[in-house]
Amino acid sequence: MTIADSVFPMDNGGSCVPLPPEEENRIVSELIKESELNLREGNLYYVISNRWFSSWQGYVGDCGGMLSTGEQSSIDQNAGVVHSENADRPGPIDNSDIVSNGNNYEGNDLDIHRMLVEGTDYVLVPQKVWERLSEWYKGGPALPRRLISQGAAQKQYSVEVYPLILKLTDARDNSVSTVKLSKKANIRELYELVCKIKGVEQKKACIWDYFNLNKHTMLAVSDQTLEEANLVMDQDILLEVSLDGDHSLGNELALVPLEPPRSSMSIAGGPTLSNGHASVSSFNSYQGSSVSSSLTTVDDKYDNYRGERGGLAGLQNLGNTCFMNSSIQCLVHTPPLVEYFLQDYSEDINMDNPLGMRGELALAFGDLLRKLWSAGRTAVAPRAFKGKLARFAPQFSGYNQHDSQELLAFLLDGLHEDLNRVKQKPYIEMKDSDGRPDEEIAYECWKNHMARNDSLIVDVCQGQYKSTLVCPVCGKISITFDPFMYLSLPLPSTVTRSMTVTVFYSDGSGLPMPYTVTVLKHGCCRDLSNALAAACCLKSDEMLLLAEVYEHKIYRYLETPLEPLASIKDDEHIVAYRLKSGARKTKLEIMHRWLDKYATFGVSVSVKGGERKLFGTPLVTYLVEDTLYGANIETSVHKMLLPLRRASASTKSHDGKENGFVSVDTDEKSHISNTQCEPSNLTTTSTEQDGTACGDSSFQLFVTNSSGLGCEPIEKDSLLKQSQHIRVFLDWTDKEHDLYDANYLRDLPEVHKTGFTVKKTRQEAISLFSCLEAFLTEEPLGPDDMWYCPRCKEHRQATKKLDLWKLPEILVFHLKRFSYSRYLKNKLDTFVNFPIHNLDLTKYVISKDGQSYMYELYAISNHYGGLGGGHYTAYAKLIDDNKWYHFDDSHVSPVTEAEIKSSAAYVLFYQRVRSKPQMEGEASVAHTGSF
């Protein structure tokens, strides 16, 4: 796509004519689309402060899908960023709030603050967009960054916002300097840069991996990338310079790559470099007897350390890797995994699985587990393991904070595929349930699953649940039994909400009554109607009409059953009109007005003798007559007001107060602007109306339009124009206030009162069981998760019900504390009370297989703080000495059982408690993979 230069303003000595904002929007949008069609490694992108960029977006509008989400941006929650007519043109580009090394605008090698979040703190724009913005607005500084590709199987492009920073120590004078280059740069480029900085001939230079100020590996000149060499952010490298013509440095090793010594800490018997990196090819060359002998050495060393409390090694933080350290500590203290990876598992490595990682992830994890269990109390640097993550899971590369549960899910799935005993996965066509017994379907599903998936992870970590889908249209029931590796439990406060709705009788058979019901937060209006129907004992021949009342008028009717409840805010006022089912021709909506002689409330509408204000809640009913006269309206009014009739008409005092009637507050205002509404007296006698016995009244009725601006008086013999919706004003006089108690029409409660909530104490906190019950509660699928009904041949918003069928030996609970959307990121610090001992889940498992479902807690992944700036740690129990320890990166300390319960608990790890008869029976049965 080519954009003519003529459309751009010319820079004539700094005086250029600004383009209209719409033109800037168009140009930038086209340039963004052009860059998306030409993604190539090495393309330049520029970092721009979101503070400035959001103000620019407010000026020109949303450009090609690029959305700034900062507080400065003008965001309409339904339509995104829109151009504001009142937004001023922003000043020069200002990146000063994200640049970390002062106001030095020289060069393009400036750093930005660590831990910044894209879309919140900064945005990335293609080079051509930056050039145009810089031409139009000037300013800066320019912060260019390169596009790199990551991932072994599928290439993923990302902008390297934070290049690799290495601390270079010169062995000649121990001086320290900083080197910055891409992690995708190779060792040869590192040598060239270091030698240029230090003025050294490359043939005389030797660079060492100097992590933790210890020599690890000599970095030989090659095309190996810095990432592949396991160099991490802010680590040290060491430069040694040889004498002229002499490639030995005194007593140091010669400056040539050395064959790494055979290490007893090899991965499944394979050789490892001194930094813990192993290749698959070297693993293959060491299979056979050498594998067994090496593993025997490892096991002996492990047994020695068990007496020295093995398993108490911490993990060094490599730069915001606490999320990774937390998950790893939980896994390496999982007894079945410890037992497995400290033995010879080489035969289980599946190098041909296209869904796996050629065994490399399992090898790297096994090597790390062995190091942690043999390192005593010395912290281990998981650099090789993080390198594998960056290669196979680019989403965890870099040095930003990530989610420990997301990493855990990747690790469990990756380990399973790398250790899958099934080499060729058969194709299996799933059968429909067709009313067959659950036991038959569950066995069939598990058998089919095991035919394709058979590994240690399946053996100990996978369970099975029953999923029931029901079509809301045809009633088709679909039942499947699916495997799970962990259970993500919602906190009840994130699943349900309490809603207070006032129910009005449209036939005058009862007083209005507020009901508070609990519904699914992500449910629909149909769920609210069903809950209200149960609460108010709705009869089979009745229905509910939901409506929102705003400023004493019907703001909207909630007549769409699938309208999401999220559209109803907590501070709104919702009413339900209880109506007879059947023929409904004309909807009658009656709004109440009061002639305020003293102007004590509301918005003034001048009329003769005072001001008319709207008050109270409108009444709604349906009229079934084909021809509508004023008398029909009067009859309906009297019927609906009948329950409000006072037991005895009381005397109204004339000091501004009515007996039993509280004047409308000043905040109850009407926006009625009609000033041409002179009332025409219409006196009716209730005894003249069928079904009424209200005595005399002097109601004045006016028909109005949808906007409430015009009104005409209604006489008894007035013939009303046929319409599906008739709106009427009912003007109250002192006489009506004496006859009826208008308080029932007022003081509508909010949907949810948030002003007086009390913070829950630990004793009042929710339990793990309530989270599990929320997980198992039937709920409708979301609009974006529709189910294709095989009977209707359409996508339907089915209801879904989960039931636990089979639980694994290792049961992992993920507490869903984080919620993400386009506009909101939130974390719940609710305290969840979870059992440490004797977690009995028997009543939640619907199959009767005779298994024990009693569990003991052995590890917790914790998250402290908020989003972005939080910190992960782990609690783990050493089974041998029955003691708990706190793993906070490198630091390991003992803790008591009372300390491990906190609102930071994020992922809970439980192990099944087996009875002696079960253990003896299982010991005599070889592994068959059967259900």
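Residues numbered from 1 in each chain as written. Predicted model: local features only at pLDDT ≥ 70, side-chain atom pairs only at ≥ 80, totals over all residues. Heavy atoms only, no water.

Side note on the overall build of the protein chain
Move 1: When helices and strands are tallied, the protein chain shows 19 helices and 44 strands.
Move 2: When burial is assessed residue by residue, the protein chain has 51% of its 931 residues classed as buried.
Move 3: By sequence separation, contacts in the protein chain at least 24 residues apart represent 72% of the contacts at least 6 residues apart.
Move 4: Within the structure as shown, the protein chain displays about 43100 Å² of accessible surface, and the carbon and sulfur contribution to it stands at 50%. (Helix = DSSP H or I, 4+ residues; strand = E, 2+ residues; numbered from the N terminus. Buried < 20%, exposed > 50% of the residue type's maximum accessible area, 1.4 Å probe, protein only. Contact = heavy atoms within 4.5 Å. Areas by Shrake-Rupley, 256 points an atom, 1.4 Å probe, with all protein chains shown as cover.)

What about the nonpolar core?
Move 1: Of all hydrophobic cores here, the largest spans 60 residues; its most connected members are F341, F385, F410 and F909.
Move 2: The leading source of residues in this core is helix α9 (residues 360-374), at nine residues.
Move 3: Each residue touching F385, except ones within four places of it in the same chain, is listed here: M324, I328, L361, A364, F365, L368 and L411.
Move 4: Membership of the second largest hydrophobic core comes to 37 residues, among which are V47, L166, L219 and L226. (Core = buried A, V, L, I, M, F, W, Y, C linked by side-chain atoms within 4.5 Å.)

A short note on the sheet that holds strand β21 (residues 573-580)
Move 1: Reading across from one edge, β18-β17-β21-β19-β20 is the order of the five strands in this open sheet, with mixed pairing throughout. Two strands lie at the open edges of the sheet, namely β18 (513-520) and β20 (553-557), each paired on one side alone. Each neighbouring strand pair of the sheet contributes to a mean axis angle of 45°, computed without reference to strand direction.
Move 2: Alignment of strand β19 (residues 542-550) against β20, held across four bridges, turns out to be antiparallel. Paired with A547 across the strands is Y557, a residue of β20.
Move 3: Helix α15 (residues 525-535) contacts β17 (496-505), β18, β19 and β21 of the sheet and is inclined by roughly 130° relative to β18. (Pairing = 2+ DSSP bridges. Axes fitted to C-alpha atoms, helices over the stretch in contact; angles between N-to-C directions.)

Remarks on the packing of aromatic side chains
Two numbers describe a pair of aromatic rings. These are the distance of the centres and the angle of the planes.
Move 1: Inspection of the entire model under this criterion finds 19 aromatic pairs.
Move 2: When the ring of Y46 is compared with that of W130, the centres are 5.1 Å apart and the planes differ by 5°; the resulting orientation is stacked. Separated by 84 residues along the polypeptide, Y46 in strand β1 (residues 44-49) and W130 in helix α3 (residues 127-137) bring together distant segments of the chain. Residues Y46 and W130 agree in their burial class; the two are buried.
Move 3: Between F341 and Y345, the ring centres sit 5.0 Å apart and the planes meet at 70°, which makes this aromatic pair edge-to-face. Judged on exposure class, the residue F341 and its partner Y345 are both buried.
Move 4: Pairwise contacts between aromatic rings join Y340, F341, Y345, F365 and F385 into one cluster.
Move 5: If you follow K806 out to its NZ or CZ, it ends over the ring of W446, 4.9 Å from the centre.
Move 6: Positioned above the aromatic ring of F834, the side-chain terminus of K901 is 5.8 Å from the ring centre. (Phe/Tyr/Trp six-rings, centres within 6.5 Å; stacked < 30°, edge-to-face > 60°. Lys NZ or Arg CZ within 6 Å of the ring centre and 35° of its normal.)

Quick notes on the pattern of salt bridges
Move 1: If you walk through the whole model with that rule in mind, you get 37 salt bridges.
Move 2: We note a salt bridge from K466 to D438, for which the minimum N-O separation is 2.8 Å. With K466 in strand β14 (residues 463-470) and D438 in helix α12 (residues 438-452), this residue pair connects regions lying 28 residues apart in the sequence.
Move 3: One salt-bridge network, held together by shared partners, links E548, R556, E563 and E572. (Salt bridge = Lys/Arg side-chain N within 4 Å of Asp/Glu carboxyl O.)

Observations concerning the sheet that holds strand β15 (residues 477-484)
The pairing of strands in a sheet happens through backbone hydrogen bonds and is either parallel or antiparallel.
Move 1: Reading across from one edge, β15-β14-β34-β31 is the order of the four strands in this open sheet, with antiparallel pairing throughout. Among the strands making up the open sheet, the edge pair consists of β15 and β31 (779-780).

Some remarks on the confidence of the model for the protein chain
Move 1: Per-residue confidence for the protein chain gives a mean pLDDT of 76; residues scoring 70 or more make up 74%.
Move 2: Considering each helix and strand of the protein chain separately, the mean pLDDT is smallest for helix α5 (residues 280-284), with a value of 31, and largest for strand β44 (residues 905-912), with 96.
Move 3: A low-confidence stretch, residues 649-696 stays under pLDDT 50, and its non-local contacts, those more than four residues away or across chains, total 114 contacts.
Move 4: A low-confidence stretch, residues 922-931 stays under pLDDT 50, and its non-local contacts, those more than four residues away or across chains, total 13 contacts. (pLDDT = per-residue confidence, 0-100.)

Observations concerning the environment of E551
Move 1: For E551, the location among the structural elements is in the loop between β19 and β20.
Move 2: For E551 and F615, which are 64 residues apart along the polypeptide, the C-alpha to C-alpha distance reads 7.9 Å.

Observations concerning helix α18 (residues 768-775)
Move 1: Along α18, the residues that are buried comprise L768, C771, L772, A774 and F775. Buried residues along α18 cover an arc of 160° about the axis, so they all sit on one side. (Arc of directions from axis to C-beta.)

Side note on the side chain of S327
Move 1: Note that S327 resides in helix α7 (residues 322-332).
Move 2: Not counting chain neighbours up to four residues away, the residues in contact with S327 comprise S404, L407 and L408.

A look at the packing of helix α10 (residues 383-392) against helix α11 (residues 404-418)
Move 1: Relative to each other, α10 and α11 sit at 85°, their axes nearing to 13 Å. Taken together, the axes of α10 and α11 are roughly perpendicular relative to one another. Residues F385, L389 and F392 of α10 form the contact with α11, whose own contacting residues are L407, F410 and L411.
Move 2: Split into classes, the residues belonging to the contact of α10 with α11 amount to six nonpolar, no polar and no charged. (Parallel < 35°, antiparallel > 145°, perpendicular 65-115°, else oblique. Nonpolar A, V, L, I, M, F, W, Y, C, P; charged D, E, K, R; others polar.)

Overview of the environment of Y210
Move 1: Residue position: Y210 is located in the loop between β11 (205-209) and β12 (218-219).
Move 2: What makes Y210 buried here is its relative accessible area of 17%.
Move 3: In the structure, Y210 is positioned 28 residues away from L238 in sequence and 5.6 Å away in space, judged by C-alpha atoms.
Move 4: Not counting the four nearest positions on each side in its chain, Y210 is found in contact with T169, K215, H216, Q235, D236, I237 and L238.

Let's talk about the pairing of β1
Move 1: In terms of burial, β1 is largely enclosed, as six of its six residues are buried.
Move 2: Judged by which residues are buried, β1 turns out to be covered on both faces: L44, Y46 and I48 on one side and Y45, V47 and S49 on the other are all buried.
Move 3: With three bridges connecting them, β1 and strand β7 (residues 144-150) associate as antiparallel partners. By the bridge assignment for β7, L44 is matched with R146.

Some details on unusual backbone geometry
Move 1: With an omega dihedral of 0°, the bond running from G140 to P141 counts as a cis peptide bond.
Move 2: Tracing the backbone shows P141 in the loop between β6 (139-140) and β7.
Move 3: For N212, which is not a glycine, the phi torsion comes out positive at approximately 60°.
Move 4: Topologically, N212 is positioned in the loop between β11 and β12.

Structural notes on the state of the cysteines
Move 1: Applying the stated criterion across every chain yields a total of zero disulfides.
Move 2: Here C524 stays free of any disulfide, with the sulfur of C525 as its closest cysteine sulfur at 7.0 Å. (Disulfide = S-S within 2.5 Å.)

A closer look at the environment of Q235
Move 1: Among the structural elements, Q235 can be located in the loop between β12 and β13 (236-241).
Move 2: The sequence separation of Q235 and L166 amounts to 69 residues, and the corresponding C-alpha distance is 5.4 Å.
Move 3: Sequence-distant contacts of Q235, defined by excluding residues within four places in its chain, comprise I165, L166, K167, D209, Y210, F211, N230 and R383.
Move 4: Among the polar contacts made by the side chain of Q235, one reaches the side chain of D209 at a distance of 2.9 Å. (Polar contact = N/O pair within 3.5 Å; in protein donor to acceptor, adjacent residues only side chain to side chain.)

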